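The chain contents come next:
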Amino acid sequence: MNDAQLLEAPVQDGAISFARSFVRSDAFMTLFREGMGLVEQTAAYLDGDGRKESAALPREVALTYATESMRLTTRLMQIASWLLVQRAVAEGEMTAEQARAEHNKVKIADPISAPAAGIFTQLPQSLRDLMEHSLRLQGRIRRLEDQMSGTAPVEARANPVQDQLAGLKARLGL
């Protein structure tokens, strides 16, 4: 679905039915492929090079590695579940109501704070990259989920030009 089709999507209470149109869009399929690809990439890493790298870590760092790899796996399973439910809605295998019921069972969790910087930098770069990618993807999905459920905060669009002008006026005392 292109941007014009998204804009012509069914309207409910004066707003575009974002959920209905998004799950049928090329953007969703791109997100779906990215998420499922990250699941596969992470599984391959943790089963292969990750095992070798974790075995070579000092005990304290190895404990952090184990904790973070479990968090990463949990986060990715939540993401995969969300993506699969959305795809099922898009393909007509589930209704939006069924998807909402599933959403109540498997929610995208709030991000958990990262380990201390000193230990984080001692983790293998590959694990850190996977963690960061999964957190960015989780954030994008949380924003989409908020938009789809209608709970996204209404934010004033930032206008960098106006911000610069306001800063200049303040400095000049105008």
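Residues numbered from 1 in each chain as written. Predicted model: local features only at pLDDT ≥ 70, side-chain atom pairs only at ≥ 80, totals over all residues. Heavy atoms only, no water.

## A look at the packing of aromatic side chains
Thinking step 1. The tally for this structure, following the rule as stated, stands at one aromatic pair.
Thinking step 2. For the pair F28 and F32, a centre-to-centre distance of 6.1 Å together with 45° between the ring planes defines the contact as tilted. In this pair, F28 and F32 are both assigned in helix α3 (residues 26–47), four residues apart and thus about one turn of the helix distant. Per residue, the accessibility class of F28 equals that of F32, and both read buried.
Thinking step 3. One cation-aromatic arrangement involves R128 over F120; the distance from NZ or CZ to the ring centre is 5.9 Å. (Phe/Tyr/Trp six-rings, centres within 6.5 Å; stacked < 30°, edge-to-face > 60°. Helix = DSSP H or I, 4+ residues; strand = E, 2+ residues; numbered from the N terminus. Buried < 20%, exposed > 50% of the residue type's maximum accessible area, 1.4 Å probe, protein only. Lys NZ or Arg CZ within 6 Å of the ring centre and 35° of its normal.)

## Comments concerning α3
Thinking step 1. Between its first and last C-alpha, α3 extends 31 Å over 22 residues, near the 32 Å set by a 1.5 Å rise per residue.
Thinking step 2. When we look at burial in α3, the residues that qualify are F28, L31, F32, G35, L38, V39, T42, Y45 and L46. (Expected span 1.5 Å × (residues − 1).)

## Description of the nonpolar core
Thinking step 1. Counting 33 residues, the largest nonpolar core has L31, W82, L83, L127 and I141 as its most contacted members.
Thinking step 2. Aside from chain neighbours lying at most four places away, what touches I141 is L31, I79, W82, L83 and I108. (Core = buried A, V, L, I, M, F, W, Y, C linked by side-chain atoms within 4.5 Å. Contact = heavy atoms within 4.5 Å.)

## A few points about the confidence of the model for the protein
Thinking step 1. Per-chain confidence: the protein averages 80 in pLDDT, with 71% of residues scoring 70 or above.
Thinking step 2. Predicted confidence is poor over residues 1–16, with pLDDT under 50, and the contacts of this stretch with residues over four places away or in other chains come to 19 contacts. (pLDDT = per-residue confidence, 0-100.)

## A few points about the pattern of salt bridges
Thinking step 1. The final tally for this structure, using the stated rule, is three salt bridges.
Thinking step 2. A salt bridge links R51 to D47; the shortest N-O distance between them is 2.9 Å.
Thinking step 3. With relative accessibility at 52%, the residue R51 sits in the exposed group.
Thinking step 4. A residue is classified by how much of its surface remains accessible, and D47, at 53% relative accessible area, is exposed.
Thinking step 5. As a salt-bridge pair, R71 and E68 come within 2.9 Å of each other at their nearest N and O atoms. Of this pair, R71 and E68 both sit in helix α5 (residues 59–90), three residues apart, which is roughly one turn of that helix.
Thinking step 6. Owing to a relative accessible area of 5%, E68 belongs among the buried residues under this scheme. (Salt bridge = Lys/Arg side-chain N within 4 Å of Asp/Glu carboxyl O.)

## Observations regarding α5
Thinking step 1. If you check α5, its first and last C-alpha atoms are 46 Å apart, about what 32 residues at 1.5 Å a residue would give, namely 46 Å.
Thinking step 2. One or two steps after α5, the chain reaches G92, where phi turns positive at roughly 80°.

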